[in-house]
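Fold and geometry: a report
Chain by chain, the residues:
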Amino acid sequence: MAVLYLACMLRLLVPVEVNGVAYVKLRGAFSSIYELVGLKKREVFGLECTVLQMLIAVWIAGSLIKGIHWGICY
């Protein structure tokens, strides 16, 4: 297991360049995704929030529901 961790750390620290690899440029894609998820505010149930905040709220609600379910079943 330690060998796997070392290999991953080595891969992160030393960039590997391979011949014949085509690089894809995404200059405008990430900025439009960030704008959609993090900047544009929408009104939901009278509260103004972003898509990211809604996703985080759903994740937290699901985690709480699943945790309560596991606690009851335990």
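Residues numbered from 1 in each chain as written. Predicted model: local features only at pLDDT ≥ 70, side-chain atom pairs only at ≥ 80, totals over all residues. Heavy atoms only, no water.

Okay, a nonpolar patch on the surface next. A cluster of nonpolar side chains, contributed by Leu52, Ile56, Trp59, Ile60, Leu64, Ile68 and Ile72, occupies part of the molecular surface with about 760 Å² of accessible area. Relative to the assigned elements, Ile60 resides in helix H3 (residues 51-73). (Patch = residues over 30% accessible without salt bridge, like charges linked within 9 Å, V, L, I, M, F, W, Y side chains within 5 Å. Areas by Shrake-Rupley, 256 points an atom, 1.4 Å probe, with all protein chains shown as cover. Salt bridge = Lys/Arg side-chain N within 4 Å of Asp/Glu carboxyl O. Helix = DSSP H or I, 4+ residues; strand = E, 2+ residues; numbered from the N terminus.)

Looking at the protein, the pLDDT average stands at 85 and 99% of residues meet or exceed 70. When mean pLDDT is compared element by element in the protein, H3 scores highest at 94, while helix H2 (residues 27-39) scores lowest at 75. (pLDDT = per-residue confidence, 0-100.)

For the rest of this paragraph, the subject is the pairing of strand E2 (residues 47-50). Where strand E1 (residues 41-44) lies against E2, four bridges are found, and the strand directions are antiparallel. Across the sheet, the residue bridging to Val44 is Leu47, located in E2. Hairpin connection of E1 to E2: two residues between the antiparallel strands, including Phe45 at a positive phi of 50 degrees. (Pairing = 2+ DSSP bridges.)

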